[in-house]
Amino acid sequence: MSTRALPLLFLNLGGEMLYILDQRLRAQSIPGEKARKDEWTDVDRKRVMNDIITTMFNKKFMEELFKPQELYSKKALRTVYDRLAHASIMRLNQASMDKLYDLMTMAFKYQVLLCPRPKDILLITFNHLDAIKDFVHNAPGILNQVDETFRQLIEVYGCLSAGEFQLIRQTLLAFFQDMHIRVSIFLKDKVQNSNGRFVLPISGPVPWGTEVPGLIRMFNHNGDEVKRTEFTTDGNYVTPQREGSFELYGDRVLKLGTNMYSVSRPVETHMSGSSKNLASHAKENIVPNPMAKEELNFLARLLGDVEVNKPGGKEMGFRLNLFTTDEEEEYA
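Cut-offs and rules
- Residues numbered from 1 in each chain as written.
- Predicted model: local features only at pLDDT ≥ 70, side-chain atom pairs only at ≥ 80, totals over all residues.
- Heavy atoms only, no water.
- Axes fitted to C-alpha atoms, helices over the stretch in contact; angles between N-to-C directions.
- Helix = DSSP H or I, 4+ residues; strand = E, 2+ residues; numbered from the N terminus.
- Parallel < 35°, antiparallel > 145°, perpendicular 65-115°, else oblique.
- Left-handed = near helix turned anticlockwise from the far one by under 90°.
- Contact = heavy atoms within 4.5 Å.
- Nonpolar A, V, L, I, M, F, W, Y, C, P; charged D, E, K, R; others polar.
- Salt bridge = Lys/Arg side-chain N within 4 Å of Asp/Glu carboxyl O.
- Buried < 20%, exposed > 50% of the residue type's maximum accessible area, 1.4 Å probe, protein only.
- Pairing = 2+ DSSP bridges.

Section: the packing of helix α1 (residues 6-28) against helix α6 (residues 120-135)
No. 1: Where α1 meets α6, the axes come as close as 9 Å, and the angle between the chain directions of the two elements is 40 degrees. Classed by the angle they form, the pair α1 and α6 counts as oblique. Both α1 and α6 take part in a crossing whose hand is left-handed. Each of L8, L11, N12, G15, E16, L18, Y19 and D22 in α1 lies in contact with α6, whose residues at this interface are I121, L122, I124, T125, N127, H128, L129, A131, I132 and F135.
No. 2: By residue class, the composition of the contact of α1 with α6 is 11 nonpolar, five polar and two charged.

What to know about the pattern of salt bridges
No. 1: Following the criterion strictly, the structure yields 15 salt bridges and no others.
No. 2: With a shortest N-O distance of 2.9 Å, D130 and R252 are connected by a salt bridge. Here D130 is found in helix α6, whereas its partner R252 is found in the loop between β6 (237-238) and β7 (269-270), with 122 residues between them in sequence.
No. 3: When its relative accessible area of 24% is taken as the criterion, D130 is described as partly exposed.
No. 4: R252 sits in the buried class, given a relative accessible area of 3%.
No. 5: Between E148 and R151 there is a salt bridge, and its shortest N-O distance comes to 3.7 Å. Placement of the pair is E148 and R151 together in helix α7 (residues 140-157), with a separation of three residues, close to one helical turn.
No. 6: On the basis of relative accessible area, E148 is assigned to the partly exposed category, the value being 42%.

A look at the pairing of strand β5 (residues 225-230)
No. 1: Among the six residues in β5, zero count as buried, and that is only a small part of the element.
No. 2: One ladder, built from five bridges, connects strand β4 (residues 215-219) with β5; its direction is antiparallel. Considered in β5, the bridge of M218 is made with K227.

Keep in mind these numbers describe shape, not what the thing actually does.
If you want it as C-alpha cells, here you go:
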C-alpha cells in the first residue's frame, strides 16, 4: 500500500464535497432582502464555502496530511469530513451527511477508475483545486492557503515514478472496492449499472505517451524492426493532442475532477436491499468511539481544533437539506 495516497484521497473527496454543498446552497438560497431570519442567503453560502475551505487548507492540518502514512480507516476518514462539513454555520443531520459522503466517494471512485494513466490522478486533484479557488470569495489569504497546497503537491508528487503512481492508484481502488452505491446522475448517464458498479468505456483517448492500439511490431536480436502486423479493435481510440499541465496554472486537458453539478440536474443516491444492509452496517462504524484513539487519528483531532471566525458572537447554525423534501429526508 502506498504511503502517499492520503493527501490525494482527502483533497479530491473534499473537492467533491464542496461541489455538492455549493450546488445545494445555491438551490436553497433566497435573495437577502426577501429572506427570513432562518433562511439561507447568498451571503451565507459564500461564508460557508470560505469557512470550510479555510479549515480544509489549514497550514498545520496540511503539514500533518502530507506526512507519509497509511490511509485512514473508513470510519476515521468519515469523522474528518463530518467535522469539516460543520466547520461553519451550516448544520447537516445524519441522513444528509450520509448522502453527502456517498456522493463524494462514488464520484471520486469513478474518476480513479477512468483516469487514463495513474499519474493523471494528480491532474484530477488539480482540477478540484482549480475549482475550489473559484469558490473563494474576497479572501486572498484563503487563496494563498490553496496555492500553498498546490506547491506541496507539485513538490511531493512531481518527482514520483510511474510505478509509484500505479501503487497510489491501486491503494485508492482498494479503499473504494466495496462501495457500490447507486447515484442517479451516473445512472441517467448510463455509466453505472443498477447494482452500483461502473461501466467503463472501451473507446476514447489513449494515455498520453502511448499509441492507438492496432499495430504489432516485431524486432530481431539487433533491435531492428523486421515485420509489422495490423489488427482491428472494437474500440474507437484517439491520440490526445497534448499533455495536461502539472504546473500551478495551466490547462489540465483532462476533464475528470471538474464540477459535474454545474449543470442543474437532480442528484440522488439509491440503495437496493443488499446495499442498505451494507450501509446500515457501515453507519454503525461511523459514530466515533472515544476509546479508540488509533481510529480517530491526529488529523481528525486537528480539524476539531481549528477555530472558525463567527462575527456577531453566538449564533445558531443553518440547516442544509440535501434531499428534495423534508419527508424524503425523514424517510431516509
